[in-house]
Amino acid sequence: MRDEPDQPPEHYFSASPASADERRPLRVHLDGRELELVTAPSVFSGHRLDLGTAVLLDLVGDPPADGDLLDLGCGWGPVALTLAMRSPEPATRRVWAVDVNERARDLTAANAASLGLRGVRTAAPEEVDDEARFAAIWSNPPIRIGKPALHALLLHWLPRLAPGGSAHLVVAKDLGADSLQRWIGEQGEQHGWTAERSGSRKGFRVLEVRRSG
Ligand SMILES: C[S@@+](CC[C@H](N)C(=O)[O-])C[C@H]1O[C@@H](n2cnc3c(N)ncnc32)[C@H](O)[C@@H]1O
């Protein structure tokens, strides 16, 4: 993840952004398709596909065929939309798109609806059932919330990987990707997962967290 140099003063992770919710068109290339989506102020990378997210989506491949999927920190939806477009039978499973920012959730829902992706379900973190388990978690995580909050976030969601499931996280090398990988790996001794670097491009690392089956 890399924040925008022209980032608005309001954090992209505000729960209820105060700026006007002025929707505007967003044309992006996602999963081999040119798409007309919508965006708004006060969401992460609201004017284009973030470079780190693009690296994640280029390097990660297809999600597993079975089981629910999670986009942790959905923003306007590029990861959740791609998960749904790459799912062989999207009607049979859910793609959870979770974000603290209600505007981000609204945009993801609008974008999924406009593409006819009925399996995408947007939710605030507390709306996801504690019992939910995920075959895959893909995320461009919110590094800017700070290390303690980021660690708490990961310790909340990574243990919800189903046995044999995996998470892919994209993190900028200069924002601590390698130390985050080490920290996640250390947690794996307790939680039964391993953390490896599965790819690297344009200054970003893709970390893969694999839970034993
Ligand atoms: C780096 S952005 C990525 C957004 C989007 N996935 C993309 O690639 O453009 C991280 C997202 O995480 C969200 N976020 C921050 N704290 C969160 C939390 N505690 N739980 C869920 N989402 C959170 C932010 O609001 C933001 O939309």
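The rules we used
- Per chain, the residues get numbers from 1 upward, laid out in the order the sequence is written.
- Per-residue local features are limited, in this predicted model, to residues with pLDDT of at least 70; the limit for side-chain atom pairs, both in listing and counting, is 80 or more; totals at the level of whole chains, interfaces and linings are taken over all residues.
- Values reported for side chains reflect all heavy atoms of the structure, with hydrogen atoms and water molecules removed beforehand.
- Here the axes come from fitting lines to C-alpha atoms, over the contacting stretch only for helices, and the angles between their N-to-C directions go from 0 to 180 degrees.
- The way it works is that DSSP assigns letters per residue, a run of H or I at least four long becomes a helix, a run of E at least two long becomes a strand, and they are numbered from the N terminus.
- Note on terminology: angles under 35 degrees are roughly parallel, angles over 145 are roughly antiparallel, angles of 65 to 115 are roughly perpendicular, and the others are oblique.
- The handedness criterion is simple: a crossing whose near helix is rotated anticlockwise from the far helix by less than a right angle is left-handed, and one whose near helix is rotated clockwise is right-handed.
- Residues count as neighbours in contact if any of their non-hydrogen atoms are within 4.5 Å of one another.
- Just so you know the grouping, Ala, Val, Leu, Ile, Met, Phe, Trp, Tyr, Cys and Pro go in nonpolar, Asp, Glu, Lys and Arg go in charged, and all remaining residues, Gly too, go in polar.
- Exposed residues in this analysis have more than 50% of their type's maximum accessible area, buried residues have under 20%, and partly exposed residues fall in between, with area computed by a 1.4 Å probe over protein chains only.
- Note: two strands are recorded as paired if DSSP finds a minimum of 2 bridges between them.
- Here, nonpolar core refers to any group of buried Ala, Val, Leu, Ile, Met, Phe, Trp, Tyr and Cys residues whose side-chain atoms link them within 4.5 Å.
- N or O atoms within 3.5 Å of each other form a polar contact, as long as, within protein, one can give a hydrogen and the other can take it, and as long as residues adjacent in sequence are counted only when both atoms are side-chain atoms.

(A) The packing of helix H4 (residues 147-157) against helix H5 (residues 177-191), seen in detail. At a minimum axis separation of 12 Å, H4 and H5 run at an interaxial angle of 40°. One way to sum up the angle between H4 and H5 is to call them oblique. Between H4 and H5 lies a crossing whose hand is right-handed. Packed against H4, whose contacting residues are Leu150, His151, Leu154 and Leu155, the element H5 presents Leu180, Trp183, Ile184, Gln187 and His191 at the interface. A breakdown of the residues in the contact of H4 with H5 according to their chemical character gives six nonpolar, three polar and no charged.

(B) Summary view of the pairing of strand E3 (residues 69-72). The side-chain alternation of E3 yields two buried faces, one formed by Leu69 and Asp71 and the other by Leu70 and Leu72. By the bridge criterion, three bridges tie E3 to strand E6 (residues 134-139) in an arrangement that is parallel. Pairing of Leu69 across the sheet is with Ala136, part of E6.

(C) Geometry of the nonpolar core. The biggest cluster of nonpolar side chains holds 35 residues, and the ones touching the most others in it are Val28, Leu30, Trp76 and Trp138. Per element, the largest residue contribution to this core is six residues, and it comes from helix H2 (residues 78-85). Once residues lying within four places of it in the same chain are set aside, the contact partners of Leu30 are Leu35, Leu49, Leu57, Pro78, Leu81, Thr82 and Met85. If you look at the next biggest cluster of nonpolar residues, it comprises 27 residues, including Ala123, Trp157, Leu161 and Ala167.

(D) How the structure looks around the sheet that holds strand E9 (residues 204-211). Reading across from one edge, E5-E4-E3-E6-E7-E9-E8 is the order of the seven strands in this open sheet, with mixed pairing throughout. Every other strand in the sheet has two partners, leaving strand E5 (120-123) and strand E8 (193-201) as the edge strands with one partner each. Averaged over neighbouring strand pairs, the angle between their axes works out to 20° when direction is ignored. Across the sheet, H2 touches E3, strand E4 (95-98), E5 and E6, and the angle it forms with E3 is around 160°. On the sheet, helix H3 (residues 102-114) packs against E4 and E5 and is oriented at approximately 170° with respect to E5.

(E) Helix H1 (residues 51-59), seen in detail. Taken together, the buried positions of H1 are Gly52, Thr53, Val55, Leu56 and Leu57. As for H1, its buried residues are in contact with strand E1 (24-30), H2, E6, strand E7 (161-172), E8 and E9. With a side-chain oxygen positioned 3.0 Å from the backbone nitrogen of Gly52, the residue opening H1 is Asp50. Positioned one or two residues after H1, Gly61 has a phi angle of 80°, which is positive.

(F) Inspection of unusual backbone geometry at higher detail. The phi angle at Ser42 is positive, at roughly 65°, despite the residue not being glycine. For Ser42, the location among the structural elements is in the loop between strand E2 (33-39) and H1. At Lys202, a position not held by glycine, the phi torsion is positive, near 55°. If you trace the backbone, Lys202 turns up in the loop between E8 and E9.

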